[in-house]
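Here's the letter readout for the chains.
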Amino acid sequence: MAQSHYPDRRDHASASVRNLKLLLLVLLISNVGLGLLSFFLLRSVDQRYSALLERTVPLLGDLQTLTAKSVNAMRGTNPDAIGRSFGDPAQLARFHAAVGADRALREKTLSRPWPTELLPGRDEIERAGGLFTKRCTETLDLLSKGERAAALRMRDERLRPAFDDYLNTLTKAADLVEANSDKVNEQFSDTAGSFSRIVLGVGIWPVVAVGALLVLTALFLGVLMVAFRGKDLSEAP
């Protein structure tokens, strides 16, 4: 009589195999989904970092170069650098070229995309840089006419304050760009941390599910064994 229960046990074994196959399929789908989720999250963070670098690094480089070019342009307005040949076309052309190089790089820098919170600094550079170029041109024009005393007054009274203001705006803008970059970087780090927790939470559920399934399976098998044993004992002669 006990052998009559063997087909039932084989049916339970077949059902367990089917459940195991289903579990493996679910785990496979879960791993594929987790991989896709990780890929898209990491890609999003990478794109944000790339955009930050593309926006910040060239801008900081231009601001530093602008500082050097403005100093070079300011040096060219010094009457002592020209000497007594105030009307020398070659020398004046070089000094006008230095002023033009500063203006060209400034226009290129201002044409770059600036973060919204940095637009006031951009406007200040445009204002101070435009005034600096104007005062440099006026000083060089006086030097080209041989008006050394007037050029010295222009340089000391009007050009130098414009130059100092221009340098201050460049320094402040560079500091703001760097501070904004650090702030955005911290935000990206927080976002990356949140993404990591999401991925970890999604990735750990199969372990929890398998653990719970093993516990339930063990309880189920225990109940079946007790039930079958009890039934066998009751049918024994």
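Every value quoted in this text rests on a predicted model; they were computed, and no experiment measured them. (Residues numbered from 1 in each chain as written. Predicted model: local features only at pLDDT ≥ 70, side-chain atom pairs only at ≥ 80, totals over all residues. Heavy atoms only, no water.)

**Digging into the packing of aromatic side chains**
Stage number 1. Applying the stated criterion across every chain yields a total of two aromatic pairs.
Stage number 2. Here the aromatic rings of Phe-132 and Phe-163 are separated by 5.6 Å at their centres, their planes lie at 40°, and the arrangement is tilted. One end of the pair, Phe-132, is in helix H4 (residues 119–144); the other, Phe-163, is in helix H5 (residues 148–235), with 31 residues separating them in the sequence. As far as the burial class goes, Phe-132 and Phe-163 line up, both buried. (Phe/Tyr/Trp six-rings, centres within 6.5 Å; stacked < 30°, edge-to-face > 60°. Helix = DSSP H or I, 4+ residues; strand = E, 2+ residues; numbered from the N terminus. Buried < 20%, exposed > 50% of the residue type's maximum accessible area, 1.4 Å probe, protein only.)

**Looking at the packing of helix H3 (residues 89–111) against H4**
Stage number 1. The interhelical angle for the contact between H3 and H4, taken along N-to-C directions, is 170°, at an axis separation of 10 Å. With respect to H4, the element H3 is oriented roughly antiparallel. Along the contact surface, H3 presents Leu-92, Phe-95, His-96, Val-99, Asp-102, Arg-103, Arg-106 and Leu-110, while H4 presents Arg-122, Ile-125, Glu-126, Gly-129, Gly-130, Phe-132, Thr-133, Cys-136, Thr-137, Leu-140, Asp-141 and Ser-144.
Stage number 2. Looking at the contact of H3 with H4, its residues break down into eight nonpolar, six polar and six charged. (Axes fitted to C-alpha atoms, helices over the stretch in contact; angles between N-to-C directions. Parallel < 35°, antiparallel > 145°, perpendicular 65-115°, else oblique. Contact = heavy atoms within 4.5 Å. Nonpolar A, V, L, I, M, F, W, Y, C, P; charged D, E, K, R; others polar.)

**A look at H3**
Stage number 1. Given a rise of 1.5 Å per residue, 23 residues ought to cover 33 Å, and the 32 Å separating the end C-alpha atoms of H3 matches this to within 8%.
Stage number 2. Within H3, burial applies to Gln-91, Leu-92, Phe-95, Ala-98, Val-99, Gly-100, Asp-102, Leu-105, Arg-106, Thr-109 and Leu-110. (Expected span 1.5 Å × (residues − 1).)

**Side note on the environment of Arg-127**
Stage number 1. As for its placement among the helices and strands, Arg-127 is situated in helix H4.
Stage number 2. The class of Arg-127 is partly exposed, set by a relative accessible area of 40%.
Stage number 3. Once the C-alpha coordinates of Arg-127 and Asp-165 are considered, the two residues, 38 residues apart in sequence, prove to be 9.9 Å apart.
Stage number 4. Apart from the residues within four sequence positions on either side, Arg-127 is in contact with Asp-165 and Thr-169.

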